[in-house]
Amino acid sequence: MSELQSALDALAADDVRTLPPRQQLDEITELLEARNRIDAQLTRRVRAAELQQASEDDGAKSMQSWLRGRGRLSAAAAGQLVRNGRALDHLPALAAAFAEGAVSADHVSVIAPAVKESRRAAALEQGLDLTELDQVFTAVAVSRDIKQLGRVVQHYLARLDPDGPEPDPTEERSLTLSSFADGTLMIRGQLDAVGGEKLQAALEAIVQADRPKGDRRTRAQQLADALVQLADNQLSSGVLPFLRTVKPTVVVTIQPGDLLDPAPCPASATTAFGSLISAAKARQLACDGSVVPVLVDGDGLPLDVGRTKRIYPPHLRRAIELRDDTCVFAGCGAPKHWCEVHHLIHWIFGGETSLENGALLCERHHTKVHHGFRIERDRQGRWHTYRPDGTEILVGTPLLVRAVHQCTAVTWLFPTTAGGERGPDGSTRRAPVRVRGLFERALRAVERWEVLDAPSYPIEHSVSLAFLLTGRYARPLQDVLHGVWLGHPLHPALVTVPIGSWTAALAFDVLDATGRGGTGSGPAARTAVQVGVAGAVASAATGFTDWQHAHDQARRVGLVHAGLNSAALGLYTWSLADRKRGRATRARVTAATGYAMTLASGWLGGVLAYRHGMGTDHAVRSYEPRRFVDVAAEADLPEGEPVPVDVDGMPVVLVATDGAVRAVGGRCPHQAGPLGEGWLHRGELVCPWHGSRFSLTTGQPSQGPSTASLPCFDARIRDGRVEVRRRADWRTATAVTAIQEASR
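Can you walk me through the overall build of the protein in this structure?
Per the secondary structure count, the protein includes 25 helices and 26 strands. Here the protein holds 744 residues, and 35% of them are scored as buried. A sequence separation of at least 24 residues applies to 54% of the contacts in the protein between residues at least 6 apart. Summing over all exposed atoms, the protein offers an accessible surface of approximately 43000 Å²; the carbon and sulfur share of this is 57%.

Help me understand the sheet that holds strand β13 (residues 383-386), please; the structure alone is not making it clear to me.
Each strand in a sheet pairs with another by means of backbone hydrogen bonds, the pair being arranged parallel or else antiparallel. Read across the sheet, three strands follow the order β12-β13-β14 without closing on themselves; strand pairing throughout is antiparallel. Of all the strands in the sheet, the pair left with one neighbour each is β12 (374-377) and β14 (392-393). Relative to β13, β12 runs antiparallel, the two sharing four bridges. Bridging from a neighbouring strand, Glu 376 pairs with His 384 of β13.

What's the story with the sheet that holds strand β17 (residues 629-633) in this structure? I'm lost.
What the six strands build is an open sheet, ordered β17-β26-β25-β20-β19-β18; its pairing is antiparallel. Here the strands that pair on one side only, and so sit at the sheet edges, are β17 and β18 (643-647). Averaged over all pairs of adjacent strands, the angle between strand axes in this sheet comes to 35°, irrespective of strand direction. The pairing of β17 with strand β26 (residues 721-726) spans four bridges and is antiparallel. In the sheet register, Ala 632 faces β26, and the bridge partner there is Val 722.

What's the story with the pattern of salt bridges in this structure? I'm lost.
Under the criterion given, the structure shown has 19 salt bridges. The partner of Arg 22 in a salt bridge is Asp 26, with the nearest N and O atoms 3.5 Å apart. With Arg 22 and Asp 26 both in helix α2 (residues 21-52) and four residues apart, this pair spans about one turn of that helix. Residue Asp 26 is classed as partly exposed on the basis of its relative accessible area of 37%. Between Arg 47 and Asp 89 there is a salt bridge, and its shortest N-O distance comes to 2.6 Å. Separated by 42 residues along the polypeptide, Arg 47 in helix α2 and Asp 89 in the loop between α4 (75-88) and α5 (92-99) bring together distant segments of the chain. Residue class for Arg 47 comes out buried when judged on its relative accessible area of 18%. A single network of salt bridges, built from pairs that share partners, joins Arg 47, Glu 50, Arg 86 and Asp 89.

Would you mind showing me how to read the packing of aromatic side chains here?
Describing an aromatic ring pair means giving the distance of the ring centres and the angle of the ring planes. If you walk through the whole model with that rule in mind, you get four aromatic pairs. Measuring from centroid to centroid gives 6.2 Å for Phe 544 and Trp 547, while their planes differ by 90°, and the two rings are edge-to-face. One end of the pair, Phe 544, and the other, Trp 547, are both in helix α22 (residues 521-547), three residues apart, so they sit about a helical turn from each other. Phe 544 gets classed as partly exposed once you look at its relative accessible area, which sits at 25%. By relative accessible area, which is 5% here, Trp 547 ends up buried. In this structure, Arg 374 is placed above the aromatic ring of Tyr 386, and the distance from its NZ or CZ to the ring centre is 4.4 Å. Of note, Arg 555 hangs over the ring of Trp 547, and the distance from its end group to the ring centre comes to 5.0 Å.

I tried to follow a nonpolar patch on the surface on my own but got confused; where do I start?
On the surface, a cluster of nonpolar side chains totalling about 640 Å² of accessible area is made up of Leu 175, Leu 177, Leu 185, Ile 187, Leu 191, Leu 199 and Leu 227. Along the polypeptide, Leu 185 turns up in strand β2 (residues 185-190).

Would you mind showing me how to read unusual backbone geometry here?
Peptide bonds are mostly trans, and most non-glycine residues show a negative phi. Of note, the bond from Gly 704 into Pro 705 is cis; its omega dihedral lies within 30 degrees of zero at 15°. Along the polypeptide, Pro 705 turns up in the loop between β24 (701-703) and β25 (712-718). One non-glycine residue, Arg 72, lies in the positive phi region at around 55°. Residue placement: Arg 72 occurs in the loop between α3 (63-69) and α4. Overall, Arg 72 belongs to the exposed group, its relative accessible area being 72%. Phi at Asp 325 is positive, roughly 70°, even though this residue is not glycine. Relative to the helices and strands, Asp 325 resides in the loop between α14 (314-324) and β10 (340-343).

Would you explain the side chain of Asp 325 in this entry?
For the buried Asp 325, which has no salt bridge, the nearest side chain bearing the opposite charge is Arg 448, at an N-O separation of 4.1 Å. Ignoring any residue separated from it by four or fewer positions in sequence, one finds Asp 325 in contact with Ile 320, Pro 335, Lys 336, Leu 360 and Arg 448.

Looking at this structure, how should I read the pairing of β13?
Successive residues of a regular strand alternate their side chains across the two faces of the sheet. Residues of β13 alternate between two faces, with Trp 383 and Thr 385 on one and His 384 and Tyr 386 on the opposite face, all of them buried. Where β12 folds back onto β13 in an antiparallel hairpin, the turn is made up of five residues, including Gly 381, whose phi is positive at roughly 90°. Sheet analysis places β13 next to β14, joined by two bridges and oriented antiparallel. The residue bridging Tyr 386 from the neighbouring strand is Glu 392, located in β14. Remark: five residues form the turn of the hairpin made by β13 and β14, two consecutive strands paired antiparallel; Gly 390 in that turn has positive phi of roughly 95°.

Would you explain the nonpolar core in this entry?
Across soluble globular proteins, nonpolar side chains show a tendency to be buried alongside one another. One finds Leu 94, Phe 98, Ile 111, Phe 137, Val 153 and Tyr 156 to be the most contacted residues of the largest nonpolar core, which totals 24 residues. Breaking this core down by element, the ones donating at least two residues are α4, α5, α6 (105-111), α8 (130-143) and α9 (146-160). It is α9 that contributes the most residues to this core, five residues altogether. Excluding residues that lie within four positions of it along the chain, Phe 137 makes contacts with Ile 111, Ala 114, Leu 149, Val 152, Val 153 and Tyr 156.

Mind showing me how you'd approach the state of the cysteines here?
According to the stated counting rule, one finds zero disulfides in the structure shown. A disulfide-free cysteine, Cys 687 has its sulfur positioned 3.9 Å from the sulfur of Cys 668, the nearest such atom.

For this particular structure, what's the right way to read helix α24 (residues 584-610)?
An α-helical turn contains 3.6 residues, so a residue and the one three or four places further along point in the same direction. Look at α24: 38 Å from first C-alpha to last across 27 residues, which is about the 39 Å you get at 1.5 Å a residue. By the burial criterion, the buried members of α24 are Ala 587, Thr 590, Ala 591, Gly 594, Tyr 595, Thr 598, Ser 601, Leu 604, Val 607 and Leu 608.

Please clarify how α9 should be interpreted in this entry.
Under the 1.5 Å per step criterion, the end-to-end length of α9 is 21 Å for 15 residues, consistent within 8% with the ideal 21 Å. Among the residues of α9, Leu 149, Gly 150, Val 153, Tyr 156, Leu 157 and Leu 160 are the ones counted as buried. Burial along α9 is one-sided: seen end-on, the buried residues are contained in an arc of 125°. For α9, exposure combined with an orientation more than 90 degrees from the buried face picks out Lys 147, Arg 151, Gln 154 and Arg 159.

Looking at this model, I keep getting lost on the confidence of the model for the protein. Mind explaining?
Any segment with low pLDDT has predicted coordinates that should not be analysed in fine detail. Per-residue pLDDT for the protein has a mean of 79; in total, 79% of the residues score no lower than 70. A low-confidence stretch, residues 730-744 stays under pLDDT 50, and its non-local contacts, those more than four residues away or across chains, total 17 contacts.

Honestly, the packing of helix α19 (residues 453-468) against helix α23 (residues 552-581) in this entry has me stumped. Any pointers?
Think of two packed helices as two axes; the pair is described by the angle between the axes and how far apart they sit. Between α19 and α23, whose axes approach to 10 Å, the crossing angle comes to 75°. Taken together, α19 and α23 sit at an angle that is classed as roughly perpendicular. Contacts from Asp 453, Pro 455, Ser 456, Tyr 457, Ile 459 and Glu 460 in α19 reach Arg 555, Arg 556 and Leu 559 in α23. Partitioned by chemical class, the residues of the contact of α19 with α23 number four nonpolar, one polar and four charged.

Sorry, what's going on with the environment of His 346 here?
Relative to the elements of secondary structure, His 346 occurs in the loop between β10 and β11 (358-361). Along the chain, His 346 and Asn 357 lie 11 residues apart, while their C-alpha atoms are 8.7 Å from each other.

I tried to follow the environment of Gly 372 on my own but got confused; where do I start?
Position of Gly 372 relative to the elements: it lies in the loop between α15 (363-369) and β12. A sequence separation of 16 residues divides Gly 372 from Pro 388, and the C-alpha atoms of the two residues are 4.8 Å apart.

Quick notes on the rules
- Within every chain, residues take consecutive numbers counted from 1 along the sequence as written.
- The predicted origin of the model limits local features to residues at a pLDDT of at least 70 and limits the giving and counting of side-chain atom pairs to 80 or more, whereas totals for whole chains, interfaces and linings rest on all residues.
- As a convention, hydrogens and water are excluded, and side-chain values are obtained from all of the structure's heavy atoms.
- Under the DSSP-based scheme used, a helix requires at least four consecutive residues in state H or I and a strand at least two consecutive residues in state E, with every element numbered from the N terminus.
- Each residue's exposure class comes from its accessible area (1.4 Å probe, protein chains only) as a fraction of the maximum for that residue type: buried when under 20%, exposed when over 50%, partly exposed otherwise.
- Any two residues having at least one pair of non-hydrogen atoms within 4.5 Å are treated as being in contact.
- Using a 1.4 Å probe, accessible areas were evaluated by the Shrake-Rupley method; residue-level cover was limited to the displayed protein chains.
- Strands were regarded as paired on the criterion that DSSP finds at least two bridges between them.
- Structural elements are reduced to axes, namely lines fitted to C-alpha atoms, with helices fitted over the stretch in contact, and the angle between N-to-C directions of any two is expressed from 0 to 180 degrees.
- For salt bridges, the criterion is a side-chain nitrogen of Lys or Arg within 4 Å of an Asp or Glu carboxyl oxygen.
- Only the six-membered ring of Trp is used, alongside the rings of Phe and Tyr, when aromatic pairs are assigned; centres must lie within 6.5 Å, and planes under 30 degrees apart are stacked while those over 60 apart are edge-to-face, with the rest tilted.
- Counted as over-ring charges are cases with an Arg CZ or a Lys NZ within 6 Å of the ring centre that also lie within 35 degrees of the ring normal.
- Residues enter a patch when their relative accessible area is above 30% and they make no salt bridge; the linking distance is 9 Å between like charges and 5 Å between nonpolar side chains (Val, Leu, Ile, Met, Phe, Trp, Tyr).
- Under the counting rule used here, the positive set is Lys and Arg, the negative set is Asp and Glu, and His together with the chain ends is not counted.
- We call a set of buried residues a nonpolar core when its members are Ala, Val, Leu, Ile, Met, Phe, Trp, Tyr or Cys and they connect through side-chain atoms within 4.5 Å of each other.
- In this description, a disulfide is simply a cysteine sulfur pair whose atoms lie within 2.5 Å.
- In this scheme, a helix's expected span is set at 1.5 Å multiplied by one less than its residue total.
- The arc in question is the one traced by the directions running from the helix axis out to the C-beta atoms.
- Here pLDDT means the predictor's own confidence in every residue, given as a number from 0 to 100.
- Oblique is the label for any angle not covered by the other classes, which are roughly parallel (under 35 degrees), roughly antiparallel (over 145) and roughly perpendicular (65 to 115).
- Throughout this entry, Asp, Glu, Lys and Arg are counted as charged residues, while Ala, Val, Leu, Ile, Met, Phe, Trp, Tyr, Cys and Pro are counted as nonpolar. The remaining residues, Gly among them, count as polar.

Below you can see the structure in the form of structure tokens.
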């Protein structure tokens, strides 16, 4: 023991802050192993003392009580230490690995329940060899993490007593709500496995349905928002049990003067549970709530209570839902049943409760609108969102639509009124057919067609199952179909084959039908159709592979796109069969119909790419900064964990690994997933949304669905600070840039 104390004293005398990173990590590894060995000896001695009843020498009833009193351990820690010692009596292989430092006390704690007396007896009754079981548990503990070890142990216990009584789930559930002085609420509790799965499924459904572009919330914030949204949905549905003859709702009390004052007025309103909120928050709740006027006397006692006045009646809300369908804030697509009706001009300040003065906003964006942001609806029915500084938020505006709004001459070509408009020369012209308006209405109908959601998920599961049936080739096959090897989505490249072939077939059919193509036009058309059918099959495989990661409106448009393509493929296959039977006329008609469907499907494919951004590169690729910029402290970078930072408005992820700092773009090129919330797998950065993996050195994807690479930065450490700049190998290759770089 004296030698151990001397060694610890020597370690305490070391100046650890001066050690290089590699040596620091190596010594930490050695200390962890030494701690495991010390814990093993402590556990062995506690068990020996328990067998000797040594605790009675100090008047303690048991070793557990002695450890709590003399060792100043918590009851849980003392009990676990004693249980570990008892378990190791029956697990010699695990005890040896523990003594060598290969496993920790936490590993032993996970395995200990498997060798309780009742379970050892059950194992012997079933003819199980405890020695073999000990070796299996030890092998898993040495080579795998604790989570995987826990699964192995639970699997063993479930198989040991498969017909045993199921525990009462209520006994495994608890929930505590603690309120603080400022009204915030802390939630603490636990759920059984089934209850936890139900809660996670409900929260994950809301999280995945609300992922607007530019969302920088952390995973914890997304789950908290989902929990609030879940409560809001239940309160709004009206199906909750009555609470003392009153429907459960959020009750806020505020003085009329504070409610009418446009200032935020902090802590001027009180909720039913005693929390204080600002007048701005109360006005937000009043947008889509009910108001009960209460007349009080000088002592605050109520004299008269008026009737409840619903701000937006149900028939007006239904009309606004039909018009807006989703949250109208730029970049958000929260469904209508999550949204509140917002008064563009608040009713407190004279705004009407009307269709024109209402807008659907989800809770998060409703809050933003009441704190500086602004929404407006133009005469064409489009919603615009403005920041507090007055600038408009433009999210994914198609180039054609943007050009139409910016060019007067083009705007005249597409009037929005039926009676006609004035042309550039001032003359009144008759309004032409609104082709663009028809396409837009058709597209919005498809995007809102929620009935498509029901078949989309079984189709997605079928696609996933088809890949799973290929076994270990599933992931490489998906990467090939995504186009990871090409650095570009493979689907757009393949669709040119059927479109081009079927266009040629149409031309040959016209020549053959008019007699101008000679004897070779018919066979040429048949060959073109065959090539197109083969290309369509390959395009369908790549298209479904990409589509399975789509969400919401893009998912619905993609499903219709796939349906039209499948119908066109069926028609061309039918046409090919008719050509072989000599039914040339019917074959041409069938092929022409399929070609029309191909054109419609191609238009939807353009919508998916240019409007919904499927297959486009969503990584932020600003070329600044050109010089090193200080972004973080080295001490704030945990080893092997991505840390998101902001570099001149560009999201960047820093990763400290192997004694160096790597810097790459913070948004996944696939669908702009927040890589700062991802993790490392075998030295590669994994996107938390769809599992794309990227090299920290080159930014290249090693696993799809992303096909584009991440922007990379040069990173260095100076005086304990991390500095980054754009990497030289992706700078703009222009003469001006070359001169600027040479002059530095």
